[in-house]
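# Close look at the chain arrangement
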Amino acid sequence: MFDCVVVGAGFAGLAAAAELSGKGRDIVVLEARNRIGGRVATYEHEGTKIEVGGQWVSPGHDSMHELIEAAGVSLVGPQEGALLIRSQGAVYRSSAAPDRSHALTPFEMADLGQGMLRFRRLAERVESDPTWAAANASWLGQPLGRWVKANLRTPAAQQDFSAVLASVSEGMAGDVSLGQALTTTVQGADLESLFAVSGGLKLRRVLGGMHQLADHLAAKLDNRVKLGRVVTGIDHDPDAVTVRTETADGTPAESYRARRVLVTLPPWLAMRLEYNPPLPSWREEVLQRNTAGHVIKAFVLYPTPWWREQGLSGQMSADEGSVRVTFDISEETGPGIMMGFFEGTEAASMSKRSRTIREVAFIDSLAAVFGDEVRRPHVYLDYDWAADKYTRGCHTPHFAPGVWSVNGQLLAEPADAIHFAGSEYVGKHNGYMEGAVRSGREEARVILRELG
Ligand SMILES: Cc1cc2nc3c(=O)[nH]c(=O)nc-3n(C[C@H](O)[C@H](O)[C@H](O)COP(=O)(O)OP(=O)(O)OC[C@H]3O[C@@H](n4cnc5c(N)ncnc54)[C@H](O)[C@@H]3O)c2cc1C
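Each chain has its residues counted from 1, running along the sequence as written. Local features are withheld for residues below a pLDDT of 70 in this predicted model, meaning they are given only at 70 or higher, and side-chain atom pairs are given and counted only at 80 or more; totals for whole chains, interfaces and linings count all residues. To obtain the side-chain values, all non-hydrogen atoms of the structure were included, while hydrogens and water were left out.

A separate point is the side chain of asparagine 151. Per the convention used, a helix needs a DSSP run of H or I reaching at least four residues, while a strand needs a run of E reaching at least two, with both numbered from the N terminus. Mapped onto the secondary structure, asparagine 151 falls in helix 6 (residues 144-151). With a 1.4 Å probe rolled over the protein chains alone, any residue whose accessible area is under 20% of its type maximum counts as buried; one over 50% counts as exposed, and the rest are partly exposed. Given the relative accessible area of 17%, asparagine 151 is considered buried. The contact partners of asparagine 151, leaving out residues within four places of it in the chain, are Asp111 and Arg118. Contact between two residues is taken to exist if any of their heavy atoms lie within 4.5 Å; hydrogens are not considered.

Rendered as structure tokens:
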């Protein structure tokens, strides 16, 4: 009998497994895909590495920074150069980009400051007063955009405010409610630090790909990760579990007996497993009151990063179009890569269309900001995480107002010998790689205490 079975080899599962095996525990990690990393994945296109999942780390992501140092990989910031902002049909070039807040007039800056203050006070109230949040659930359910328009007076400040909020959460698009935006901001980096110094772009990415951190964690596990093992169900009692698996083509495979199991699937997938006896029904009720986010991460590859010759950073922020934010994610050598997102309802709609239509929509959105130069020969690639059966929604769920603050954290409660971890189960850095690593490690320590 194993001490613990870990279900899922994303960052939460790998971090937990490293913690458990580091303490000499006998463990096995069962992963459905034929690769590790989960929602962190670096794919190759003709020798070029492309980060299709989690990519950016921010100040305050301490566990991620520790891992980055331990893995001996390097970080790189956003590309230097001007940012292009499309607002109400006109394109502005921010001379001091990426510090775009300095491009605002004093009146617009004051307007932005007022809006941030109101938003921060509301975020604090939602966090500290769940009863108030529950009583005001329908007001908190209003679209974020409506609140921004009602609380900031100048279009430039409204635009900057929305752009920085979008940088907090890639899934934060037009269909996001005020309540969801407030909760996400409380859980992630604070708004002021996002605006400070670099205008919200203090983000860093790992050169060569974030998957190197998954490889680093897995290297400590001495082949205890089994790929292509889809967990289908868990029989459990207070002292032990039997974890049932099948192969990717549905052929029944081995069962694993263990004293504990740690399920690191996102909650909407964890609930699809068959539990015997069934888990309490309140878990279903909490999950019914959220919708999985939807993001399609898309890329255009050019022979060179031509925009740099024009002093551009490759970043844009637009108030309309299918794709509203882009970044230059080129490696040190190789093609120029511009990355952007279809988000929220746009992603849900584009998901049902062909890749060719998405390419046209992406290029048209870029052309509205960068001009027709974007139509030069290129390769278009994208990845639709919601269509991936081992993720089905990303990068995080949107809980209805009050649901997370009142009940959401209960999802992390163990049931008998079954424990849960992952980026959706933590209060802080929820939805981020940082949250996944912290959650995996913390739950591993709880299991270590139980194992004695
Ligand atoms: C497009 C995109 C962009 C993102 N950008 C960022 C970013 O810039 N910064 C940031 O911090 N975060 C970002 N995120 C979020 C971040 O990637 C995730 O929060 C984090 O990787 C989740 O880790 P996890 O271990 O909790 O879950 P997962 O990575 O989802 O791991 C769960 C694992 O379980 C496996 N699995 C599923 N079903 C089964 C089954 N039945 N049996 C066995 N195994 C199973 C899956 O294959 C997966 O490996 C992004 C996510 C996406 C999708």
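By nonpolar core we mean a set of buried residues, namely Ala, Val, Leu, Ile, Met, Phe, Trp, Tyr and Cys, connected to one another through side-chain atoms within 4.5 Å. Among the nonpolar cores identified, the biggest contains 36 residues, and Phe11, Leu14, Leu20, Met64, Met210 and Leu213 are the most heavily contacted of them. Secondary-structure elements contributing two or more residues to this core are strand 1 (2-7), helix 1 (11-22), strand 2 (27-30), helix 2 (62-71), helix 10 (211-219) and helix 16 (433-451). Take this core: its biggest share by element is eight residues, from helix 1. When sequence neighbours within four positions are dropped, the list of residues in contact with methionine 64 reads Phe11, Val57, Met210, Leu213, Met433, Glu434 and Val437. Counting residues in each nonpolar core, the second largest holds 29 residues, with Ile234, Tyr275, Ala412 and Ala417 among its members.

Right, let's get into the environment of glutamate 332. Among the structural elements, glutamate 332 can be located in the loop between strand 18 (323-328) and strand 19 (336-343). Remark: the alpha-carbon pair of glutamate 332 and valine 76, spanning 256 residues in sequence, is separated by 9.8 Å.

Here the focus is the environment of valine 379. Here valine 379 lies in strand 20 (residues 379-384). Along the primary structure valine 379 and valine 300 are separated by 79 residues, whereas in three dimensions their C-alpha atoms are 5.6 Å apart. Contact partners of valine 379, with chain neighbours within four places excluded, come to His45, Phe299, Val300 and Leu301.

For the rest of this paragraph, the subject is the site of the ligand. We call a residue near a molecule or strand when any one of its heavy atoms sits within 4 Å of it. Around the ligand sit 38 residues, and of these Glu31, Arg33, Arg39, Trp56 and Ser423 come closest. Backbone polar atom of serine 423 to an oxygen atom of the ligand: 2.8 Å apart, as the coordinates give it. About the coverage of the ligand: the protein hides 98% of its 1,000 Å² of free accessible area. Taken together, the elements giving at least two residues each to the shell around the ligand come down to helix 1, strand 11 (230-236) and helix 16. In protein, a polar contact requires one atom able to donate a hydrogen and another able to accept it; more generally it is a pair of N or O atoms within 3.5 Å, and residues adjacent in sequence count only if both atoms are side-chain atoms. Here the accessible surface of atoms and residues is derived via Shrake-Rupley with a 1.4 Å probe, and residues count as covered only by protein chains that are part of the display.

So, about the sheet that holds strand 5 (residues 56-57). By the convention used here, strands pair only if DSSP detects at least 2 bridges between them. Ordered by their spatial adjacency, three strands build an open sheet running 5-9-6, and the pairing between neighbours is antiparallel. One side of each edge strand has no neighbouring strand; the edge strands of this open sheet are strand 5 and strand 6 (75-76). Where strand 5 lies against strand 9 (residues 204-206), two bridges are found, and the strand directions are antiparallel. For tryptophan 56, the partnering residue across the bridge sits in strand 9 and is arginine 205.

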